[in-house]
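The residues making up each chain are set out below.
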Amino acid sequence: MSLRPRQSPGLPSPANQRRKALKKSINSRPNRNRLPCYLKPGATVEINPEDPDFRGSWFLGKVVSIQSSDKIQVEYNTLLDEETGTKLLKEDIDMSRLRPPAPLMSEREKKKVIVVGDKVDAFYGDGWWEGDVTEVLADGKFSVYFRCSQELISFTKNQLRFHREWVDDAWEPPLAEKESEEDKADGEEDDEDVLSQVDLEATRAIAKQMFSSGTVVEVSSDDEGFQGCWFAAKVIERIGEDKYLVEYRDLREEDGIEPLKEETDFIHIRPPPPREEDVDFAVGDKVDAFYNDGWWVGVVNDGFKDGTVGVFFRLTREKMRFGRQGLRLHKDWVNGTWQPPLKGEEIKRTNVSKVSCDRSVRPKKTIEKQEFSIGATVEVSSEEEGFEDSWFLARVIEYRGDGKCLLEYDNIKAEDGKEPLREEVDVSLIRPQPLESVMVSPFERHDKVDALYNDGWWVGVIVKVLAKANYLVTFEKTQETLRFHHSQLRPHQEWIDGKWITSSKSQKV
């Protein structure tokens, strides 16, 4: 098996969501058609297969690529390709058969009694199947009838969820765990309190002073579905007294290649807020969560044993889980200063549950050394056969909980050959970029090195020193010996307990 180029597994970089003009009064670009956020390549979705035998079922998977205006290529999480029997099934499917993962049952729904006649989804054969409860059995189970297959099967309560339909980009019926009218009023008052403090003339003057060409900023929108979200960008130029042309860091034009440029006004632009380290989030904290290339405002409503936290988004009525690196305490930019959430400052946090945000899916000692900020440059290894002992340069895009994060590779392209490949990777396969170590003196035989080959660094051992600063390097995993120039090698280092350990000689020759 030879050292081979890392090929895209069929995940092009996300089809960046398109954003309409920030306000009707802004004379910006024409409105663009955009896919829903949940259909971005790499996003987790529920899939309703087109096979008649699977009518009324939903299986978890992920979006691979956009095939046409109505066709999406998906990859199932559990269904296997019948031809190979080992690879996950990929297929092109109509967009109407895709939806976001159904929300977790709320605490209120978990306590709700299931009765005869309830419409439910039952987890069976790795998927959720739509059915009707026909009987409550004595052993605590429930008989569920499936109309499509005309079968009657019994399930325990934890194998069921209340049935919902995804209609017009919203769940029907809505989540049972609704805010009280008082909670809703509180949230609305927060926004109104902030707006009431904004001095338009002062804000305009501060924007002129701060936001010159090249300044890194965040930009928001009043568009439906994007309220309360901030996207990273940089200022290209000021236009007149009130407007700015900005270029987004993560959003792309319709061609999917060039960064999206748009006009915005001084009300919808601000500097990036300061990051606070080692924050213990509490239930009730107002936070910004990084998701789909932007920071979305939500409220912490739960904590989990693996260190992730549950965040509730009022506008979309969704609950999601995030690790610490994907969260920051919410702050408002008011008249040139950062302010913490106004309501949160008035709350005395007594008897409030604290949420540890260590991503403790791995031993705690290691995790504390494995925290990377969004945008950080890292190196990524792979457990895929043929790529053992290799490291590829990438940057962190977002954390997704459960010990996973989304990365964008520096030198590996997606299937289209244009966009950088984005991939969800386990945090255990990530490390910081090694400290640059210049080897002035020649390498020696038996030195353990990393060799730059096919866009990655491969671990090997020098077996022969050649003339003109060339070396023969052997690779244990592939049993290959290749020739490299001194400039293509670096001393091998291991990232152990948060420190770089140099391994100059191979222990096995």
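- Looking at an unreviewed UniProt entry, one finds the protein named Protein AGENET DOMAIN (AGD)-CONTAINING P1 and attributed to Cardamine amara subsp. amara.

### Side note on the overall build of the protein
Inference 1: Across its full length, the protein holds five helices and 38 strands.
Inference 2: Counting every position in the protein, which comprises 509 residues, the buried fraction comes to 46%.
Inference 3: Taken as a whole, the protein presents about 26,400 Å² of accessible surface, with 48% of it coming from carbon and sulfur.

### Examining the environment of G326
Inference 1: Relative to the elements of secondary structure, G326 occurs in the loop between β22 (318–322) and β23 (327–329).
Inference 2: Considering only alpha carbons, one finds G326 and Y291, 35 residues apart in sequence, at a separation of 7.8 Å.
Inference 3: Contact partners of G326, with chain neighbours within four places excluded, come to D288, A289, F290, W295 and Y399.

### Digging into the pattern of salt bridges
Inference 1: Taken as a whole, this structure holds 27 salt bridges when the rule is applied.
Inference 2: Two residues, R249 and D250, come together in a salt bridge whose shortest N-O distance is 2.9 Å.
Inference 3: Using a relative accessible area of 34% as the deciding quantity, one classes R249 as partly exposed.
Inference 4: E379 is the salt-bridge partner of R490, the closest N and O atoms lying 3.1 Å from each other. Residue R490 is located in strand β36 (residues 489–491), and its partner E379 is located in strand β27 (residues 377–380); the two are separated by 111 residues in the primary sequence.

### Structural notes on the packing of aromatic side chains
Note on aromatic pairs: each is described by the distance of the centres and the angle between the planes.
Inference 1: The tally for this structure, following the rule as stated, stands at 20 aromatic pairs.
Inference 2: With a centroid separation of 6.4 Å and 80° between ring planes, the pair formed by F59 and Y76 is classed as edge-to-face. Residue F59 is found in strand β2 (residues 57–66), and its partner Y76 is found in strand β3 (residues 71–80); the two are separated by 17 residues along the sequence. One exposure class covers both F59 and Y76, and it is buried.
Inference 3: With a centroid separation of 6.4 Å and an interplanar angle of 65°, the aromatic rings of F387 and F392 are classed as edge-to-face. Both residues of the pair, F387 and F392, count as buried.

Here is what the cut-offs are and how they apply
- Residues numbered from 1 in each chain as written.
- Predicted model: local features only at pLDDT ≥ 70, side-chain atom pairs only at ≥ 80, totals over all residues.
- Heavy atoms only, no water.
- Helix = DSSP H or I, 4+ residues; strand = E, 2+ residues; numbered from the N terminus.
- Buried < 20%, exposed > 50% of the residue type's maximum accessible area, 1.4 Å probe, protein only.
- Areas by Shrake-Rupley, 256 points an atom, 1.4 Å probe, with all protein chains shown as cover.
- Contact = heavy atoms within 4.5 Å.
- Salt bridge = Lys/Arg side-chain N within 4 Å of Asp/Glu carboxyl O.
- Phe/Tyr/Trp six-rings, centres within 6.5 Å; stacked < 30°, edge-to-face > 60°.

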